[in-house]
Structures are given as C-alpha cells and as structure tokens.
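Chain by chain, the residues:
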Amino acid sequence: MKNLAPAIFPPKGIGDAKPSNKAVLDWVHEIATLTQPENIFWCDGSERENEFLIGESLKQNVLIELNEKKVPHSYLHRSSPNDVARVEQFTFVCTPTKEEAGPTNNWADPSETYTKLRGLLEGAMRGRTMFVIPYIMGPADSPLAKIGFEITDSKYVVLSLRIMTRMGEIALKRLGNDPNAEWNRGVHSLLDVSPERRFICHFPQDNTIISVGSGYGGNVLLSKKCLALRIGSYLARKQNWMAEHTLILGVESPEGRKHYVAAAFPSACGKTNFAMLIPPAHFKGWKVTTVGDDIGWMRIRDGRLYAVNPENGYFGVVPGTSNKSNPNAMRSIAHDTIYTNVAFTDDGDVWWEGKDGKPPAHAIDWRGNDWTSQSSEKAAHPNSRFTTPMRNNPALDPGVEKGEGVPISAIIFGGRRSDTVPLVYQAFDWNHGVYLGATMASETTAAATGAVGRVRRDPMAMLPFCGYNIGDYFQHWLDIGSQLTNPPLIFNVNWFRKSADGKFLWPGFGENMRVLKWIIDRCEGSGGGLKSPVGWLPSPHDLDLAELDINHNAVDELLCLDHEEWKKEIAAHKEFFDSLGGVVPEALQKQREQLAAGFEP
Ligand code: GTP
Ligand code: SPV
Ligand code: MN
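Quick caveat, the model's predicted, so the values are computed rather than measured.

Draft legend 1. Fine view of the pairing of strand β11 (residues 208–212). Burial analysis of β11 places five of its five residues in the buried class, the great majority of the element. Where strand β9 (residues 183–189) and β11 come together, five bridges link them in parallel fashion. In the sheet register, His188 faces β11, and the bridge partner there is Ser211. As defined by bridge partners, strand β10 (residues 199–203) adjoins β11 across five bridges and the pair is classed as antiparallel. By the bridge assignment for β11, Ile200 is matched with Ser211. The loop that links β10 with its antiparallel partner β11 comprises four residues; one of these, Asn207, has a positive phi angle of about 50°.

Draft legend 2. Representation of the coordination of the manganese ion (ligand 3). Lys225 (NZ), His245 (NE2) and Asp294 (OD) make up the full set of protein donors to the manganese ion (ligand 3), lying at 2.0 to 2.8 Å. Coordination at the manganese ion (ligand 3) is irregular: its six donor atoms span angles of 63 to 161° at the metal. Read in sequence order, the donor residues coordinating the manganese ion (ligand 3) give the pattern K-x19-H-x48-D. Placement of the pair is Lys225 in helix α8 (residues 223–239) and Asp294 in the loop between β15 (287–292) and β16 (296–301), with a sequence separation of 69 residues. In this pair, the class of Lys225 matches that of Asp294, namely buried.

Draft legend 3. Here's a closer look at the sheet that holds strand β18 (residues 313–317). On the basis of which strands lie adjacent, the open sheet formed by five strands has the order β2-β3-β19-β24-β18 and mixed pairing. Both edges of this open sheet fall to β2 (64–65) and β18, since each of them pairs with a single strand only. One ladder, built from three bridges, connects strand β3 (residues 75–77) with strand β19 (residues 338–340); its direction is parallel. For Tyr75, the partnering residue across the bridge sits in β19 and is Ile338.

Draft legend 4. Expanded view of the pattern of salt bridges. This model, assessed by the stated rule, comprises 29 salt bridges. For the salt bridge of Lys70 with Asp347, the shortest nitrogen-to-oxygen distance reads 3.4 Å. Remark: Asp347 occurs in the loop between β20 (343–345) and β21 (350–351) and Lys70 occurs in the loop between β2 and β3; sequence separation between them is 277 residues. Residue Asp347 is classed as partly exposed on the basis of its relative accessible area, which comes to 39%. Shared partners join several salt bridges into a network, and the residues in it are Lys224, Lys225, Lys271, Asp294 and Glu311.

Draft legend 5. Representation of the packing of aromatic side chains within the structure. Counted under the stated rule, the structure contains 25 aromatic pairs. Judged by centre distance (5.9 Å) and plane angle (25°), the ring pair of Tyr339 and Trp352 falls under stacked. A residue pair is termed long-range when its members are at least 10 positions apart, and Tyr339 in strand β19 and Trp352 in the loop between β21 and β22 (362–364) qualify at 13 residues. Neither residue differs from the other here; Tyr339 and Trp352 are each classed as buried. Grouping aromatic residues by their ring pairs yields a cluster made of Tyr435, Tyr468, Tyr473, Phe474, Phe576 and Phe577. In this arrangement the basic side chain of Arg185 is found over the ring face of Trp183, its NZ or CZ atom lying 3.8 Å from the centre.

Draft legend 6. Focus on the site of ligand 1. Surrounding ligand 1, one finds 20 residues, the nearest of these being Ala268, Lys271, Thr272, Asn273 and Arg385. One nitrogen or oxygen atom from the side chain of Asn273 is found 2.7 Å from an oxygen atom belonging to ligand 1. In the model, an oxygen atom of ligand 1 is placed 3.0 Å from a nitrogen or oxygen of the Asn512 side chain. Considered on its own, ligand 1 offers 650 Å² of accessible surface; in the complex 90% of this is hidden by protein. Among the secondary structure elements, those contributing two or more residues to the shell around ligand 1 are α9 (271–275) and β18. Among the residues forming the shell around ligand 1, the class breakdown is ten nonpolar, six polar and four charged.

Conventions we followed
Residues numbered from 1 in each chain as written. Chains lettered and ligands numbered in written order. Predicted model: local features only at pLDDT ≥ 70, side-chain atom pairs only at ≥ 80, totals over all residues. Heavy atoms only, no water. Buried < 20%, exposed > 50% of the residue type's maximum accessible area, 1.4 Å probe, protein only. Helix = DSSP H or I, 4+ residues; strand = E, 2+ residues; numbered from the N terminus. Pairing = 2+ DSSP bridges. Donors = N, O, S within 2.8 Å, 3.2 Å for Na, K, Ca; no water. Tetrahedral: all angles 85-135°; square planar, octahedral: opposite > 155°, others 65-115°. Salt bridge = Lys/Arg side-chain N within 4 Å of Asp/Glu carboxyl O. Phe/Tyr/Trp six-rings, centres within 6.5 Å; stacked < 30°, edge-to-face > 60°. Lys NZ or Arg CZ within 6 Å of the ring centre and 35° of its normal. Near = heavy atom within 4 Å. Polar contact = N/O pair within 3.5 Å; in protein donor to acceptor, adjacent residues only side chain to side chain. Areas by Shrake-Rupley, 256 points an atom, 1.4 Å probe, with all protein chains shown as cover. Nonpolar A, V, L, I, M, F, W, Y, C, P; charged D, E, K, R; others polar.

The following block contains the structure:
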C-alpha cells in the first residue's frame, strides 16, 4: 500500500533534533520499544528537513508534485478511499468513569483500551521510520499555549503538522527540561489503514491521544480536533478557560473601530468562508481579517473573553471554493499547499467541483481513476481538503500572534437549517445565549462518515469534540459567564434557510457582511431589533440590504418565526435534553420553559 512506505535514512544534520526533556525521551523510548521502528526521526521543523521529507514523499508516492507554474510548491495527496473523513463512531473518550465522558461520547475503559491499542501497535512500525514531532498550539508566548508531541509513521502527518502548528525547535525550547511540565502525548500509526482497526482514543486524565488505522485529517493531525478540542476542552474546564470550535475574525469600520467575533458552526457549515469574508462593494472601507478559521481558545482577562487561534494553518474544505465564493482562500491555496483528495488534471493542476472555469475534459479523480467531464462521479471528494499556512492569507489579522489574544465582542452560533431558524437573532443575555448554543442543530455534512443532510443537535458545534460530560460542559459555559463583567453578546445565524422550492433564500458568503454589520451595531448599542420569543430579531429595516439583489418576500421569509415549526423545534429541544439523562443544568431547563411559554397563546 502506497501509504505504508519503508524507512527513510536522512543525511547527517536532518532528523536528529532530539529533545533533552527526560519525560519525553522516556515516553518515546516506551513507544519505540512497542512499535519497533527501523529508526527514529527527530523533527526540527526546519526548511531543510521539510524539503528532504517532500523529496522522500514524492519518491514513495505519498505526494504528487503539482505544476510548479500553476501552483508553486504544492502537492497532491490521496488518502485511501475507505479513509476520507473523521470517524465519530470509532472515536473514544476513555475517562476513568463513563459518567465523566457523558452521554454524547463513545466511552471505553482506559486500561482495557490501552491494552487493546498496545496489541495493535506492537511491531506496527517494523521496517519503517518513526517520526517524533514537537509542536506548540497558540502563539509561543501565550498563557494559553500548549505543547504537544506527536509520534507518527506517516510523512503526510509530519508535512501537514508543519503547516498546521508551530512545529519543531520552538516547541522544544518552550518545553525545557522540567520533567513535570504539561505536554500532550500523541501516538499515531497508519497500521494497515483498515476501517476494522481504526480507533481514535483520548485519555484526557493522562493528556494522551492514540490514533490508529487512519491517514486522514482530523483523525491523525492530533493537534487539531484531538488536542485543541477534545483534550483542550477537558483541560479548559479544569483550568477555567474555553476551547471552542470557533473561527475568530476581526471587523473594522471605515472610522477604524474594531471588534472581534468568534463563531461556532459545525463541520463544513461555513467557518473558513466567514473567517475570510470580503465585504461587498456597498461596505466601502469595512475590513474583515482572519485570526482563525476553526478553533478558538479563550480566557478571561479584565472581565472580558480574549481569544487566540491555537493553529498555524488552515485545513479547509476544497469543493465550492472559488474566486466568487472565497477569493482570500483561493489566494491562500495558490502556492505552498498540500491538497488531499482533489482531482489531478493532465497539465499537473488541481480541480474540484465549484472551482472557477470550465471542468477539464479529462482528469484523474480523487481515487486515482480516469475521469472526464461527462462522468457522473465527483472528481474531488466532497470532503477533499487543503492544508495551507495561515501566512498565505492576504486578510490575516495583525493580532494573530498576540499571546494575550484578541477581545471578543460577540459569539455567534449557527448551523445548516433548511427551515425554522431565522437568518439571525440575538440572545437576551449570556445564559439565554448558552441555551441557544446548547440546543443548536445542523444538517450533517461530509466532514464525518455517515449520512449527510440529517438534522442533529450539535451543541456549540462541539458534539463530536467535547472531551467530557456535556452537562458539565454546559455548566462550564454558565460558570464562565458569571465571571465576566463585559461578556460577549451571543447570536445565532443560519445562512442555509431554504424556500419552498428548495433554494437558499440568502446569498451567503460576502453578503454575510450584512448580518455581521447588524451584529456589530448591536455590540455598539446602535442596531435596532424587535423582541421575539426566541430573542432579538432585526426587522428588514435594521439590516443594511442596500445594493443587494434580493426580493422583499425572501427577506421576510428569512426573518420570520413560523409558530408551528417552533413548537416542533422546542419539542426537539426537550427531547434532546431528556436524551442526555438528567445532566442538563437547571438554568438551561428554565430557559427552555421560558421559550416554550413565549409561544403559548
Ligand atoms: P470545517 O473545515 O469542516 O470545519 O468546515 P467550515 O465550517 O470551515 O466550512 P467551510 O467554510 O469550509 O464551508 C463548507 C461548505 O459550505 C462549502 O462548500 C462552502 O461553499 C459552503 N458555504 C460556506 N459559507 C456559505 C454561505 O454563506 N452560504 C452557503 N449557501 N454556503 C456556504
Ligand atoms: C472538521 O470536521 O470540523 C474539520 C476537518 O475541521 S477535520 O480536521 O478532519 O476534523
Ligand atoms: Mn472544523
């Protein structure tokens, strides 16, 4: 199998950045004794090392080089066709008790799971190279920064983590020699990339992650969903901060007033696009800048929430990305990018559904098969991805390296809802906002294996990513709120409401600026709104819709509350809370009763 490439032997000066911390060395020794690799490669994150690994990956067909003129210094990787998305059913939170993992996680007994995984890892790296990757999540000088090590037998993981994290020497330096320092232990092995032996296991109490049997994104880049969200959320509760599935963006008015907002949308529901929004011509002088596109770590400072983006790059959805929908993303991925599971054209370029221009007459599809523009199959997998450094983003926010983070004025929740949920509304206060997050739902997408388009509750977009009991997580949100003297205002948005004929009512993308503008107006106390049972709703006049080609009926439909739909929605909230078996805080149950009362005649 192409992924399971043999050992590589680097020239002198490469692959020898051995850490000096004894705890790390002992752990690496333990994993090497178990997996029995041919050799150990200690990654330093340098340019020279990266070039060497790219060269080896090309030789071993782990990467395909793209046309240097069309997409400079960029590569295509194809994962196994059975391994193209996160696998929620094989993702486990292995806390000492089942209660700690709570009703929304797959739980497994830690000692049994360690034993099972040790069995699978025994001799797994024989004849292969074991890479040891040190990395930091967050700006190195941030009080929120966390150190992780990932052991892997995949060069694709090494090359990707170098883009996605601050990797190498910088992490070793920050860790130092303290044997009791806090750092995350991540072990990954491809094994034989078989769905039968694919397990993504978290041991939050040991700050440990073990992932086997996959070579894909969120399953194997352990810095991302595994550390920054699942382990991160567990640590955040213990340490009184927040680890959330949020983009972070800056928005600056022509007068130079600047706000930052964090927005939690489920996977493939528009975070990267919103984070890179370019305001339409009507909003002359307004600027939107990106701090992060997927994950926010937030802490309390002076009674406010401050956020950092723990990541250093973007692992974004490719299909649908175009100069029309997301020009900043197009510019970001025009060079120095690793593409995964897109189509490869005859002139060495990449192609995907929704890219600008005509489809190529012929290409090699994501599976490696011949494809023509007449094919009924998709050329790129719907969950194909780009991995690109955040430095490539022309709209990168200047505050992205600020260790203290950026102050958050608003938190926005949102999902994919064809019906029921208005374009935007505002919570009455923090606790009501927590309720909006706790009860949000979204139609499932290709980012995880399983059915697509099914409405499911996805509290705070964290259903697959909360590393502990969801009831305690809700309580943590309430507790954080009670410590804030200047809390962010909380909103809910829905870009995906459809008309009776199944078309999106809202143009989305850059036009989302109109909604963002209302949110900023509300933060500044200037925006109008109508009190409704679900929260503050803008009237059509409160939204700046100038120069937008949309008819009045569509706007009315986008903002309307259908009482029959909402009765069903509130019943679904109750059903969801009931399904959690008594863990939901009383304060949120009260919110639900108040909401229901608002719809009584
Ligand atoms: P993950 O990386 O999985 O967390 O996804 P994400 O939340 O960053 O979503 P992303 O921005 O990549 O968008 C996912 C899909 O939704 C893409 O196909 C986009 O084209 C589409 N999309 C994003 N924003 C909008 C919008 O405002 N309206 C509509 N109709 N589609 C959108
Ligand atoms: C998501 O699914 O939310 C992603 C992609 O960002 S992955 O990293 O694969 O989880
Ligand atoms: Mn995501």
